[in-house]
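Analysis of the macromolecular model
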Amino acid sequence: MSRAALPGLRSPHPIGGLLPSMYAEDDLAQRFTAGLDTVLAPVFATLDNLPAYFQARLAPADFLDWLAGWVAVDTDPAWPEEVRRAVVGRALELHRWRGTRRGLQERLRLVLGAGAQVVDGGGAAWSTDADAALPPAPSGELLVRVWPERTPQLDEEQVLAVVRATCPVHLTCRVQVLPGPPGTEES
C-alpha cells in the first residue's frame, strides 16, 4: 500500500487559503496550489499520525517489517500479521528473556502457539558441603519438548527454526514434538 496514492485525501492546511488576498480569486493560483495540496496531503497525514507508526498494533502493515528491524527482532513474512505485530510489540520483553528457559517458552507460545517444556542439561551446580564430590560435567544439551496449543499440530521445521534462533550458542538443542503436554500421552 502506498500512502501517496490515496484518492480524495484532503490537506488539513490548504495552501490556496494562505495566499495573499489578491490571489484568492486567481483561478491559476488556486489550481496550482490545489495541485501542491494533493502532493502534500499524504505527508501531512503521515506526520499527523506519526505516533501510530511506532506502535506495533497500529503501524501500517507495510511499515511493520521496518519497525521489527528497528527493535531488532526477526519476523518471518510467512507468519500471520497478528503474530508479527505481537512479536514486534513484545520485543523488549523477548529481549529481556533471550537465552533463558522462559524466553524460549514465550517465543514458542507467541510465534507458533506451542506449549513447551525445556529440560536444561545443567551447567551450574553447588553444594553446602565442602567435602562433597564434584558434580558430573554438564551435558551441554537442551531438550525442548513442544506440543500444539493453538493449532492441531506443529511443523517440526518451524519449531526447529524458532529454537535455533533462541537457543544459547554454547548448547546443543534437541526438539521433541509431542501430541500434548508431557504426562498426558500414553506410554
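Above: the structure in question.
Reference entry: report on the structure contained in this document.

About the cut-offs
- Residues numbered from 1 in each chain as written.
- Predicted model: local features only at pLDDT ≥ 70, side-chain atom pairs only at ≥ 80, totals over all residues.
- Heavy atoms only, no water.
- Axes fitted to C-alpha atoms, helices over the stretch in contact; angles between N-to-C directions.
- Helix = DSSP H or I, 4+ residues; strand = E, 2+ residues; numbered from the N terminus.
- Left-handed = near helix turned anticlockwise from the far one by under 90°.
- Contact = heavy atoms within 4.5 Å.
- Nonpolar A, V, L, I, M, F, W, Y, C, P; charged D, E, K, R; others polar.
- Phe/Tyr/Trp six-rings, centres within 6.5 Å; stacked < 30°, edge-to-face > 60°.
- Salt bridge = Lys/Arg side-chain N within 4 Å of Asp/Glu carboxyl O.
- Buried < 20%, exposed > 50% of the residue type's maximum accessible area, 1.4 Å probe, protein only.
- Disulfide = S-S within 2.5 Å.

1. Considering the packing of helix α6 (residues 101-112) against helix α7 (residues 156-166)
Relative orientation of the contacting elements α6 and α7 amounts to 145°, with a least axis distance of 10 Å. As α6 packs across α7, the resulting crossing turns out to be right-handed. In this structure, α6 contributes Gly-103, Leu-104, Arg-107, Leu-108, Val-111 and Leu-112 to the contact, and α7 contributes Gln-158, Val-159, Val-162, Val-163 and Thr-166. In the contact of α6 with α7, the residues fall into seven nonpolar, three polar and one charged.

2. Let's talk about the packing of aromatic side chains
Inspection of every chain in the model, using the stated rule, returns five aromatic pairs. With centroids separated by 5.4 Å and ring planes inclined at 45°, the aromatic side chains of Phe-54 and Trp-70 adopt a geometry described as tilted. Taken as a pair, Phe-54 in the loop between α2 (50-53) and α3 (61-70) and Trp-70 in helix α3 lie far apart in primary sequence, 16 residues in all. Ring centres 4.9 Å apart and planes at 40° place the aromatic pair Phe-63 and Trp-66 in the tilted group. Of this pair, Phe-63 and Trp-66 are both found in helix α3, three residues apart, which corresponds to roughly one turn of the helix. Joined through ring pairs, the aromatic side chains of Tyr-53, Phe-54, Phe-63, Trp-66 and Trp-70 make up one cluster.

3. Overview of the pattern of salt bridges
A full pass over the atoms with the stated rule returns eight salt bridges. For the salt bridge of Asp-27 with Arg-31, the shortest nitrogen-to-oxygen distance reads 3.0 Å. Highlighted residues: Asp-27 and Arg-31, both in helix α1 (residues 27-48), separated by four residues, approximately one helical turn. In this structure Arg-31 comes out as exposed when scored by relative accessible area, which is 54%. Close ionic contact of Arg-109 with Glu-106 constitutes a salt bridge, the shortest N to O distance being 3.4 Å. In this pair, Arg-109 and Glu-106 are both assigned in helix α6, three residues apart and thus about one turn of the helix distant. Members of the salt-bridge network, linked through shared partners, are Arg-90, Glu-93, Glu-106, Arg-109 and Glu-149.

4. Let's talk about the state of the cysteines
The final tally for this structure, using the stated rule, is one disulfide. With a sulfur-sulfur separation of 1.8 Å, Cys-167 is cross-linked through a disulfide to Cys-173. Looking down the S-S bond of the Cys-167 and Cys-173 bridge, the torsion is 55°, so its handedness is right-handed. For Cys-173, a relative accessible area of 24% translates into the label partly exposed.

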